[in-house]
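Residues per chain, in single letters:
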Amino acid sequence: MNYFPDEVLEHVFDFITSHKDRNSVSLVCKSWYKIEKYSRQRVFIGNCYSISPERLIARFPGLKSLTLKGKPHFADFNLVPDDWGGFLYPWIKAMARSRIGLEELRLKRMVVSDESLELLSKSFPNFKSLVLVSCEGFTTDGLAAVAANCRLLRELDLQENEVEDHRGHWLSCFPENCTSLVLLNFACLKGEINLASLERLVARSPNLKSLRLNRAVPFDTLQRLLMRAPQLVDLGTGSYVHDPYSEAYNKLKAAIQSCNSIRSLSGFLEVAPRCMSAVYPVCENLTFLNLSYAAGLQSIELTKLIQYCRKLQRLWILDCIGDKGLGVVASTCKELQELRVFPSDPFDAGNAAVTEEGLVLVSAGCPKLNSLLYFCQQMTNAALITVAKNCTNFIRFRLCILDPIKPDPVTNQPLDEGFGAIVRSCKGLKRLSLSGLLTDQVFYYIGMHAKQLEMLSIAFAGDSDKGMLYVLNGCKKLRKLEIRDCPFGDAALLEDMGKYETMRSLWMSSCEVTLGACKTLAKKMPSLNVEIINESEQTEFNLEDRQKVDKMYLYRTVVGHRKDAPEFVWLL
Amino acid sequence: MAKQGLGFEITELRLGLPGGGGGTEKNEKKRVFLEISEEGENEKSNGNGKSQVVGWPPVCSYRKKNSLGDKDGSKTSKFYVKVGMDGAPFLRKIDLALHKGYSDLATALEKLFGEALRDADRCEFVPIYEDKDGDWMLAGDVPWEMFIDSCKRLRIMKRADVKGFGVLQPGEAFKGALKE
């Protein structure tokens with residue numbers, strides 16, 4: 001069977017980096033399974049409750065890089081109560097005990113305690129990279145432990161976390177002989193930091209390529225940091241407010257001009273529009289521009305800036321750019337692949353500054369567009385059909401009309417035909433989020449055409465169980481389905497229970513699913529955890545089987561019920 | 001305002017949409033959305049009277065907390081310019097960043113100089129501003145964003161003083177000149 005010694009096979013497997021492929025390799029035969037098992041270094045766990053830390057370690061003892069995701073996606077929108085779960089600590093404890101040589105940890109929507117950060121910092125001498133996205137539960141004390149103890153730290157990347165800020169000294173905890181930093185992103189921290197420590201840290205980090213500052217870092221510190229780190233590739237400014245007629249401003253202009261490696265720009269958390277011209281020299285080489293937190297910039301400043309960004313590939317922006325501003329994007333950014341337009345005033349549905357017109361302009365001007373997140377006031381079928389004709393490469397298409405049941409304002413029709421055109425035209429579509437007035441018909445189209453679809457988000461849509469069934473039956477590659485406020489019920493849920501074993505998870509809230517159906521599903525499918533989140537006064541025993549559940553979250557797992565569920569989560 | 005929009009939508013829906021039966025179901029579901037948002041509005045007034053459904057729109061909570069701060073004006077870069085008015089003894093200062101457009105500005109100026117405006121014997125006023133180049137310009141010609149970008153100070157001149165410059169037609173009122 002095997003004519004090669006193990007080391008040769010291992011070397012060959014090194015070239016196989018995709019998780020899916022490595023999984024396939026391990027299924028070929030026993031000896032390949034064994035070699036792959038011991039040589040596997042990177043593991044991705046999309047749902048932390050699908051497996052336990054102990055089983056992970058037993059399966060892949062050579063683990064060096066772990067990605068873990070915790071709470072379901074709708075937790076981002078406050079649909080999942082605090083304390084639902086997703087705790088990091090048990091993973092760190094288990095890996096520390098088994099002396100796993102952990103070097104990288106990437107977490108999303110997990111609860112990360114200071115205790116777990118401290119244990120991490122002391123248990124893995126080769127630890128190099130910590131990336132926390134949308135996590136919570138820790139304070140700057142935990143960060144201080146990481147800074148102080150992780151001697152080889154290369155990356156500390158904090159993206160959009162809720163961090164309790166105990167002000168100040170964590171940055172000073174990086175030892176003087178720590179010179180290995182490549183990436184430092186603390187933009188989400190709210191508190192003051194020691195500016196002198198920051199400057200010294202940057203000065204002694206010759207490999208620093210990415211630096212994202214928080215609001216507490218003022219303009220003149222930015223200038224000094226840029227002087228010390230002209231090699232930066234990715235810059236996130238903190239506060240960007242100054243008098244444009246001052247000496248400090250001129251110094252910054254000069255400093256930026258010496259930074260000719262910058263390809264990615266973000267921040268401007270506080271911004272004086274008149275100071276933006278200092279940034280123009282950098283624009284010509286930018287591939288990523290994130291101004292989605294720069295609420296102080298109006299459309300005119302945004303468009304002025306964008307006119308210089310001819311090489312832009314990814315743009316994250318607020319809707320105050322307006323349809324006309326998107327027209328400027330369309331005529332300037334011919335390399336654009338990803339566009340995200342966020343609402344500057346999410347609750348004022350009547351005033352969102354972008355409509356279908358802006359999207360149509362971008363689709364016409366940017367043929368490489370493949371990823372979209374678009375919050376808008378309204379959308380028409382005609383516009384979506386045009387977009388589908390112009391851009392057939394969409395992998396991600398997420399449309400959010402601020403009034404979620406709004407029909408096509410021109411024809412008063414639902415948006416079924418528009419989204420139908422998108423799924424028909426974009427054969428590689430992997431992720432789709434719907435909004436607007438939608439009937440079962442849109443789901444018919446999705447089931448019929450969206451053959452590569454992996455994630456679907458639905459809200460306030462559909463007429464009957466048929467809608468959900470079209471999707472479950474047609475989308476063979478579906479992994480994540482999240483539904484809220486739709487008239488889908490027991491018949492749809494129970495029609496094909498085996499389907500859920502092929503998926504990562506299903507979320508249904510404010511739908512027509514009853515407790516009885518959830519119990520039936522849980523009983524028939526032991527490989528699934530069916531969780532009911534119930535925040536009302538009723539206990540498990542008071543709620544009758546025929547009553548609807550408010551929130552249901554089910555996911556496949558190989559380790560059965562989790563042991564850390566809070567009171568309001570019923571494990572069926 | 002959002003509520004008004006929703007009410008209109010509900011009426012439209014009842015005019016009969018294609019796409020299968022269960023008309024009552026559909027309306028019920030849409031009504032549920034309206035009820036949720038009305039409930040939200042009644043239970044927790046968020047200060048600006050806009051209705052909110054939990055988790056809608058799907059903006060992640062971190063972003064909601066951190067990008068709306070500027071909208072409150074609490075953390076926006078301030079943009080104060082001096083405003084003088086002929087006949088008023090003191091100059092005032094006004095934050096241009098707080099206003100969305102010319103008519104908004106006109107209202108604010110009326111508030112600041114209300115008395116002086118009324119007392120000035122029914123004569124009309126013209127808003128002018130000094131731009132980056134030091135020139136005095138008539139307010140209202142350029143788009144609002146361009147205006148706040150270039151405005152260094154404001155002045156409210158009596159129309160009588162402006163005669164002879166041939167700038168204005170007779171009868172142009174203060175507010176009229178500031179119309180967007």
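All values derive from a computational prediction rather than experimental measurement.

(A) Summary view of the nonpolar core. With 188 residues, the main nonpolar core has Leu66(A), Tyr240(A), Phe397(A), Ile446(A) and Leu493(A) as its most contacted residues. Not counting chain neighbours up to four residues away, the residues in contact with Tyr240(A) comprise Phe219(A), Leu222(A), Leu252(A), Phe268(A), Glu270(A), Val271(A), Ala272(A), Cys275(A), Met276(A), Ala278(A) and Val279(A). Listed in part, the 19 residues of the second largest apolar core include Leu96(B), Tyr129(B), Ala139(B) and Trp144(B).

(B) The pattern of salt bridges, seen in detail. Residues and elements named next belong to chain A. If you walk through the whole model with that rule in mind, you get 24 salt bridges over all chains. One salt bridge connects Glu-104 with Arg-42, and the closest N-O pair in it is separated by 2.9 Å. One end of the pair, Glu-104, is in strand β3 (residues 104-108); the other, Arg-42, is in strand β1 (residues 42-45), and 62 residues separate them in sequence. When its relative accessible area of 25% is taken as the criterion, Glu-104 is described as partly exposed.

(C) Structural view of the packing of helix α16 (residues 416-425) of chain A against helix α17 (residues 440-449) of chain A. Residue and element names in this part refer to chain A. Remark: α16 packs on α17, axes separated minimally by 9 Å, with the N-to-C direction vectors making an angle of 5 degrees. By the angle class used here, α16 and α17 are roughly parallel. Here Asp-416, Glu-417, Phe-419, Gly-420, Val-423 and Arg-424 of α16 come into contact with α17, specifically with Gln-441, Val-442, Tyr-445, Ile-446 and His-449. For the contact of α16 with α17, the residue count by class is 5 nonpolar, 3 polar and 3 charged.

(D) Quick look at the environment of Asn260(A). Checked against the element boundaries, Asn260(A) lands in the loop between α10 (247-257) and β12 (264-266). Along the chain, Asn260(A) and Lys389(A) lie 129 residues apart, while their C-alpha atoms are 38 Å from each other.

(E) Looking closely at the pairing of strand β4 (residues 129-133) of chain A. Residue and element names in this part refer to chain A. Extensive coverage of β4 is indicated by the burial of 5 of its 5 residues. Of the two faces of β4, both are covered, the one formed by Ser-129, Val-131 and Val-133 as well as the one formed by Leu-130 and Leu-132. Following the backbone out of β3, through helix α6 (residues 114-123) and into the adjacent parallel β4, one traces a crossover that is right-handed. Relative to strand β6 (residues 155-159), β4 is paired through 5 bridges, and the arrangement is parallel. In the strand pairing of β6, Val-131 is matched with Asp-157.

Here is what the cut-offs are and how they apply
Residues numbered from 1 in each chain as written. Chains lettered and ligands numbered in written order. Predicted model: local features only at pLDDT ≥ 70, side-chain atom pairs only at ≥ 80, totals over all residues. Heavy atoms only, no water. Core = buried A, V, L, I, M, F, W, Y, C linked by side-chain atoms within 4.5 Å. Buried < 20%, exposed > 50% of the residue type's maximum accessible area, 1.4 Å probe, protein only. Contact = heavy atoms within 4.5 Å. Salt bridge = Lys/Arg side-chain N within 4 Å of Asp/Glu carboxyl O. Helix = DSSP H or I, 4+ residues; strand = E, 2+ residues; numbered from the N terminus. Axes fitted to C-alpha atoms, helices over the stretch in contact; angles between N-to-C directions. Parallel < 35°, antiparallel > 145°, perpendicular 65-115°, else oblique. Nonpolar A, V, L, I, M, F, W, Y, C, P; charged D, E, K, R; others polar. Right-handed = clockwise from strand over helix to strand, strands pointing away. Pairing = 2+ DSSP bridges.

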